[in-house]
Amino acid sequence: MISIHIVLQAVAPIFVLAICGLLMRRYSILTAEADSSLLKLSINVLSPCLAFDSIVGNKALHNPSNLLIAPIVGYSTVAIGVMLALITCRLLKLKDNKVKGTFALTVGIYNYGYVPLPLALYLFNKETAGVLFIHNLGVDIALWTIGVALLTEKGERFSFRNVINVPLVSIIFSVLLNFMGAENWIPKFLSISINMLGNCSIPIGVILIGATIDDYLEEFKPNDGKPIIISSSILRLLILPLIFLLIGYVLPCSKELKAVITLQAAMPSAVLPIVLTKYYGGDVKTALRVIISTSILGLITIPFWIQAGVKLLNLSR
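Note that the structure is a prediction, hence the values are computed from the model and not measured.

**Observations concerning unusual backbone geometry**
One non-glycine residue, Lys-93, lies in the positive phi region at around 60°. Secondary-structure assignment places Lys-93 in the loop between helix H3 (64-92) and helix H4 (97-108).

This is how it looks when you write it as structure tokens:
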């Protein structure tokens, strides 16, 4: 059984890295001008290497159900979050379409990348991290279909150009190599090099998250949006985790996917929607209220929900 002490040990370094990123931005060690280069490096090189390292040689991904069910779960959990958020908008009597769309997006899209990945590796195993990458394909599709439609007045048509990117191609390529048994014939020096590059992905990504939060922190005014903060926190950190764990409990799926569902149940709102909200003309203040409040409260709730999921779904190392 994974104890609460082990969960706390796994969660704490992620928040320490995020705080480091925030302080680096605050004291101009990591400038906004450097973000673009670091983001390109992370998306186009480091993340694909981490995906390759997690997928190639992963026996759990020889199971077809993990390849089929995992992305469906990813898409569906986002859709459920968005649906409940839109219902909540009616209860709050929100009339501004920009506010409603932004609220639904930021509540529905949980942190599915840089935070759960190190937790998957530390608390579970490489197999779970590989299934997490496949699961996240569904989240990405939901982000660029449901998410973008929420932020545009008439809803933007789905475009494969939004989804087809280097990380996606690297995941598909790695899955194919995994079926071919590539871990047995790829040169050792190459696999070690890829592993080293992949290990850089998480710390750089989390540091960038901290820096991005600091960029918008001054615009975060909690006193002006208490209904948004309270309702989003209840949805993202209480109601949706219960629904996620219920899905994991009743769904006939692998232990690795149940572990992924547990990790995602515990996650606060993702940071990426701040950028999307600004780009597509949503309400940035609403995005900030949801994302920052759930991230701060996540310090308390993440260990609790992971521990609850481990017990309910009978997960262990």
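**With respect to the nonpolar core**
Counting 87 residues, the largest nonpolar core has Ile-55, Phe-103, Leu-119, Leu-123, Ile-171, Leu-257 and Ile-306 as the members making the most contacts within it. Broken down by element, the residue count for this core peaks at 13 residues, all from helix H6 (residues 126-151). By size, the runner-up hydrophobic cluster in this structure holds seven residues, among which are Val-56, Ala-182, Ile-186 and Ile-194.

**Digging into the pattern of salt bridges**
Two side chains that carry opposite charge are able to pair once their charged atoms sit near each other. All told, the structure shown has three salt bridges when counted by the stated rule. Note that Asp-35 and Arg-25 form a salt bridge whose closest N and O atoms lie 2.2 Å from each other. With Asp-35 in helix H2 (residues 32-55) and Arg-25 in helix H1 (residues 4-26), this pair connects stretches of sequence that are ten residues apart. Given the relative accessible area of 15%, Asp-35 is considered buried. Look at the salt bridges and you will find they share partners, linking Arg-25, Asp-35 and Asp-215 into a network.

**Some thoughts on H2**
Here H2 contains 24 residues, and its C-alpha end-to-end distance of 33 Å stays within 8% of the 34 Å for a straight helix at 1.5 Å per residue. When the local axis directions of H2 are compared, the greatest deviation, roughly 40°, occurs at Ser-42. All of the buried residues in H2 are Asp-35, Ser-42, Leu-46, Ser-47, Pro-48, Cys-49, Leu-50, Ala-51, Phe-52, Asp-53, Ser-54 and Ile-55. Here the buried face of H2 lies against H1, helix H5 (116-124), H6, helix H8 (166-179) and helix H9 (188-217). Just past H2, the residue Gly-57 takes up positive phi, approximately 90°.

Rules of the game
Here the residue numbers are simple positions, counted from 1 along each chain's written sequence. For a predicted model such as this one, the threshold for reporting local features is a pLDDT of at least 70, and the threshold for listing and counting side-chain atom pairs is 80 or more; totals across whole chains, interfaces and linings nevertheless cover every residue. Hydrogens and waters are ignored; side-chain quantities use all the structure's heavy atoms. Strands here are runs of E lasting at least two residues and helices are runs of H or I lasting at least four, both read from the DSSP assignment and numbered beginning at the N terminus. What we call a nonpolar core is a set of buried Ala, Val, Leu, Ile, Met, Phe, Trp, Tyr and Cys residues that are connected through their side-chain atoms within 4.5 Å. Summary of the burial criterion: residues with accessible area below 20% of their type's maximum are buried, those above 50% are exposed, and those between are partly exposed, where the area comes from a 1.4 Å probe applied to protein chains only. Salt bridges are defined as contacts in which a side-chain nitrogen from Lys or Arg sits within 4 Å of a carboxyl oxygen from Asp or Glu. Here the expected span of a helix is defined as 1.5 Å times the quantity of residues minus one. Bend is computed residue by residue as the angle between axes fitted to the seven residues ending at the residue and the seven residues starting at it. Pairs of residues are marked as contacts when any of their non-hydrogen atoms sit within 4.5 Å.

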